[in-house]
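Overview (structure and organization)
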Amino acid sequence: MNDFWIILEGSLVAVSCGLLGAYLILRKMAMVGDAISHAVLPGIVIAYLVAQSRSSILLLLGAALFGLLSTFLIEILAKKARIQSDASIGITFTWLFAIGVILVSLYSGNADIDQDCVLYGDIAFVPLDTLFLGERDLGPTPIWLQGFNLFLVIAMIRIGYRGFLITSFDPSFSSGLGIKTDTWHYVLMGAVSFTVVLSFNAVGAILVVAFLVVPPATAYLLSNQLQTMMIYTVIFGVLSALIGFYLATWWSASISGAMAVASGILFLGVLVYQKLLRKRKKFLAITN
Amino acid sequence: MIAFEAHNLTVSYDKQPVLWDIDFEIPEGKLVGIIGPNGSGKTTLIKAAMGILEADSGFVKIFEKSPDEIRERMGYVPQRQSVDWDFPATVMDITMMGRYRKGKLFGRLSKADREIAVDSLKRVGMYDFRDRQISELSGGQQQRVFIARSLAQQADIYLMDEPFVGIDAASEESILNILREMRSAGKTVIMVHHDLHTALEFFDWVVLLNTRLVAAGSKDEVLTEENLRTAYGGKLNVLSRIADLVKRQEYPLREEDSKE
Ligand SMILES: Nc1ncnc2c1ncn2[C@@H]1O[C@H](COP(=O)(O)OP(=O)(O)OP(=O)(O)O)[C@@H](O)[C@H]1O
Ligand SMILES: [Mg+2]
């Protein structure tokens, strides 16, 4: 049963991160996830210091707030200071992360908070955190949280499909229609921020960043429409979780790490397949 | 009726004005060219007119209303390089965007919307490519998709940024005919255009720009050697030839008459 929960958690994270990551890639902001996963540190520390408790809900909120704050800073730097968006991502998250590190080092003396417990969740522990309703065992809490979040992400994408499509492809034309492109941007970033923080808490940073970028990038290679890209993203995300889990068992290695590696292998596989296919097409075209 | 009016319009990037105190009017039902050298603020003027860029001072009015109040009646073709053509979307997906409306973004698009998009694609000769990904089109075909998308908007006034760049002569002719039909139906088409030679043939109204307004009015009033020299800095030989052509205008006009 534990295996099942771990694979399910991995898949849930892969799908919610992947679907949002697809938009990030199309908006040339793939590294925003990485940025958010670092920029949340001061939020977590401040939430802890204010509330004096390690209640995960509060820490999550503090983190999500700083995630969103970092996306605002990135936008402001890029738009107002006219800095390239990758540079503004870099400036924002190193700066916020550094503040977090300083806060941790200042206050960790009198509190039981350290970088490890804040920064790295581990997917192997997912089955241990069980949710009880009275006496009844409802399964692991992270599964419920992640499942609910995935439901919200899918609902958001379904309802806002056309809005996200047009503001990602052609912001000028969207503004010309009177669509508030900034609002759409921040709704998306809010969802990314919350999803990253939630997933990060459950499965660790590397896997979240990998799932945000790699499955949608793989899907991008194969798709000529956004819907197709979303469907492939789901497939590659779930496959990464599944293959990664068995790789980890086989190697007795870190599960998160193996899942990230699996997503990379799938990407390479698709890339090679495409190159070969193109060569074959060329060959056929010449011989005909 | 006045289709378009700019009044004391100043627009800048980083405090650097790129449009300075622009003041002109365009009557309804004209094919209008916005002409000027690179960096003279043509794209900026179109964006300000669409309400995408904020003016520092002054304003733009479309049919005597602010752009915000009248978006449903405005069609727009951005400069082609302004988007990523590797985006995973088909020709049909992009054309359908012409049917998106601010208020109806969440509802379903109707069958009628689809028919309008199909019709627009047919008019620019891109219907056979409807299921192609946009990355697999040539530059000129991409440009035609953008024009189809604006046609699908079924607007009363169209603002187009260099819609003819990279388009072959035959497609240019057929698209120009579509625009002329629209003009006969009372629509106004305003476009940024780079080719001075064809400008003479295409437009009945011209706005000549170089950060400041050089001249605006009917094309024979505006396209004089003096105005062109003011706009382009008087270095080009071609300018005097164009001006000559304008002077001897009876000739191209007759040619056009005899074609009909
Ligand atoms: N996003 C921007 N940020 C800063 N300056 C800009 C920006 N866009 C344009 N400019 C400047 O504003 C001026 C006018 O630009 P605009 O794009 O309106 O010119 P244009 O007439 O359309 O030129 P072209 O014929 O090359 O398309 C130029 O000097 C340009 O350098
Ligand atoms: Mg331009």
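Residues numbered from 1 in each chain as written. Chains lettered and ligands numbered in written order. Predicted model: local features only at pLDDT ≥ 70, side-chain atom pairs only at ≥ 80, totals over all residues. Heavy atoms only, no water.

**Some remarks on the site of ligand 1**
The environment of ligand 1 is made up of 14 residues, and the closest members are Gly39(B), Lys42(B), Thr43(B), Thr44(B) and His194(B). Mapping the residues near ligand 1 onto chains gives chains A and B. Contact distances for ligand 1 include 3.3 Å between a nitrogen atom and a side-chain N or O atom of Arg82(A). Gly41(B) has a polar backbone atom sitting 3.0 Å from an oxygen atom of ligand 1. Protein coverage of the free-state accessible area of ligand 1, which is 630 Å², stands at 63%. Here the element with the most residues in the shell around ligand 1 is helix H1 (residues 42–49) of chain B; it accounts for 3 residues. Across the shell around ligand 1, the residue classes break down as 3 nonpolar, 8 polar and 3 charged. (Near = heavy atom within 4 Å. Polar contact = N/O pair within 3.5 Å; in protein donor to acceptor, adjacent residues only side chain to side chain. Areas by Shrake-Rupley, 256 points an atom, 1.4 Å probe, with all protein chains shown as cover. Helix = DSSP H or I, 4+ residues; strand = E, 2+ residues; numbered from the N terminus. Nonpolar A, V, L, I, M, F, W, Y, C, P; charged D, E, K, R; others polar.)

**Structural notes on the sheet that holds strand E4 (residues 57–62) of chain B**
The strands making up a sheet are joined through hydrogen bonds of the backbone, oriented either antiparallel or parallel. All names here are of chain B. One open sheet holds the 3 strands; their spatial order is E2-E1-E4, and the pairing between them is antiparallel. Strands with a single pairing partner mark the edges of an open sheet, and in this sheet they are strand E2 (16–27) and E4. Direction aside, the axes of adjacent strands within the sheet are offset by 15° on average. Here strand E1 (residues 2–13) pairs with E2 via 8 bridges, running antiparallel. Pairing of Glu 5 across the sheet is with Glu 25, part of E2. Packed on one face of the sheet, H1 meets E1, E2 and E4 and runs near 115° to E1. (Pairing = 2+ DSSP bridges. Axes fitted to C-alpha atoms, helices over the stretch in contact; angles between N-to-C directions. Contact = heavy atoms within 4.5 Å.)

**Things to note about the interface of chain A and chain B**
Contact residues are listed per partner, giving 26 residues for chain A and 34 residues for chain B. Carbon and sulfur atoms supply 63% of the area that chain A and chain B bury against each other, a total of about 2700 Å² over both sides. Counting the surface chain A buries against chain B, the share from its top three residues, Arg162(A), Phe169(A) and Phe173(A), is 30%. Notably, a salt bridge pairs Arg82(A) with Asp14(B), separated by 3.0 Å at the nearest N-O pair. For the interface between chain A and chain B, the tally reads 10 residue pairs in polar contact (both at pLDDT 80 or more). Counting residues per element, the ones that place at least two in the side of chain A that touches chain B are helix H8 (161–169), helix H9 (171–176) and helix H12 (226–251) of chain A. Broken down by element, the side of chain A that touches chain B gets its largest block of residues, 6 residues, from H8(A). Grouping the constituent residues of the side of chain A that touches chain B by class yields 12 nonpolar, 10 polar and 4 charged. (Buried area = accessible area lost by both parts, 1.4 Å probe. Salt bridge = Lys/Arg side-chain N within 4 Å of Asp/Glu carboxyl O.)

**Focus: a positive patch on the surface**
A contiguous patch of positive charge on the surface is contributed by Lys275(A), Arg278(A), Lys279(A), Lys281(A) and Lys282(A). By the secondary structure assignment, Lys281(A) is in helix H13 (residues 255–287). (Patch = residues over 30% accessible without salt bridge, like charges linked within 9 Å, V, L, I, M, F, W, Y side chains within 5 Å. Lys, Arg positive; Asp, Glu negative; His and termini not counted. Charge placed at Lys NZ, Arg CZ, Asp CG, Glu CD.)

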